[in-house]
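Listed here are the chains, written in short residue letters.
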Amino acid sequence: MKKLTTFFRSLVLSCISPSYYNDLAHTAPSFSWKYLVLFQCLSAIISTLAITVAIYTFNINTVYEKLLSFYPQNLEMTFDEKGVSVNKPLPYSIPLPIEFQSSSQFSPKNLIVFDTDEHVKTLEDVRKQNTFVVVTPKHLYTIEKEGEMKVNALPSFDGSFVLRRAMVDSTVDRFMRHPFIQQRWYAPSIGLLLFPFISIVLFFIVLFTALFYAIPVWIFTFLFMKAKNLSYGTIFRLSFHSLTPVVILSTFFEYAKHFQWLPQYMTNPILQGPWFFIFYAVWTIAGLRTITPPEIQKAHAQKKK
């Protein structure tokens, strides 16, 4: 509990007190590293909770109904030793819903097209279908984002199996009725899986941000605050603290855009791009100005004695 109290005290002072950076400069470097780890864990917890709540409140029934709409009511797919076939004249296409179509250069109007091997032999034949996937009795053709075609040979099937819409409905319905889905246990489960990933990503983002941001600040102190005798390593670890208010405010403004009841000036993304660095640099230099060089601090301590 004492360590948590120390952490939150350091978090608050890192945001509001420039003079606190004098204490940090004369503290063991391990303190700032521990602060960085705890701050990123706290950030990861908040981010994970926000994602978990969003997933929990999301209406999965909408996805369920949309997925079912992809499969036509009267379509039957047969899998046998001849390959894959459908009970429709070829070529037969399943259109992609308008809401999923994009205006990009590669924006297929079909989700999948069934055709014969005789009609599909080249990449151009696949592109003419204007689809994501082309299925022939023996092959599966897909076009990657780069425009390259990927061809997979379909396996031969022993016996015969017919897939109908009723079977799809039944399978999806059983899935949707499972307690894991009904009770929305998937939301916290996804959150637990995301937490370590988010923690690591945020840690390295702040670490590398501090690593590069500290360079121009160190150059500034070398040119204009030479008496402080500040090393790059000191500025680097103090950046773990001076980045705190910038990260908190930029995160606030990022989420504030989603709240229409806030004033307009609070919903503008003012801490993006170069402004993020400027705020960091100003606050860091304000803290560095309060630092007393070790030799002067020792002299003051001896006078007090």
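How each quantity is defined
Residues numbered from 1 in each chain as written. Predicted model: local features only at pLDDT ≥ 70, side-chain atom pairs only at ≥ 80, totals over all residues. Heavy atoms only, no water. Phe/Tyr/Trp six-rings, centres within 6.5 Å; stacked < 30°, edge-to-face > 60°. Buried < 20%, exposed > 50% of the residue type's maximum accessible area, 1.4 Å probe, protein only. 1 Å grid on protein atoms, 1.4 Å probe; cavity = no way out; pocket = protein on both sides within 12 Å on 5 of 7 lines; lining within 4 Å. Points joined across faces, edges and corners; volume = space filled by probe spheres on them. Helix = DSSP H or I, 4+ residues; strand = E, 2+ residues; numbered from the N terminus. Nonpolar A, V, L, I, M, F, W, Y, C, P; charged D, E, K, R; others polar.

Focus: the packing of aromatic side chains
For the structure on display, the rule yields 19 aromatic pairs. Consider the rings of Phe7 and Phe8, whose centres lie 5.1 Å apart with planes at 65°: the pair is edge-to-face. Given the relative accessible area of 6%, Phe7 is considered buried. Look at Phe8 and you get partly exposed, because its relative accessible area is 43%. The structure contains a cluster of three or more aromatic residues connected by ring pairs, namely Phe7, Phe8, Tyr35 and Phe39.

As for the layout of surface pockets
Approximately 580 Å³ is the volume attributed to the largest pocket. Residue lining of the largest pocket: 21 residues in total, with Ser43, Leu202, Val247, Ile248 and Thr251 positioned closest to the centre. For the lining of the largest pocket, the secondary-structure elements that each account for two or more residues are helix 3 (29-57), helix 8 (186-224) and helix 9 (232-256). Grouping the constituent residues of the lining of the largest pocket by class yields 14 nonpolar, 6 polar and 1 charged. Considered as a void within the structure, the second largest pocket measures approximately 190 Å³ in volume. Residue lining of the second largest pocket: Lys3, Thr6, Phe7, Ser10, Phe31, Lys34, Tyr35 and Leu38, and that is the complete set. Mapped onto the lining of the second largest pocket, the elements with two or more residues apiece are helix 1 (2-16) and helix 3.

Distances and angles like these do not, on their own, reveal function.
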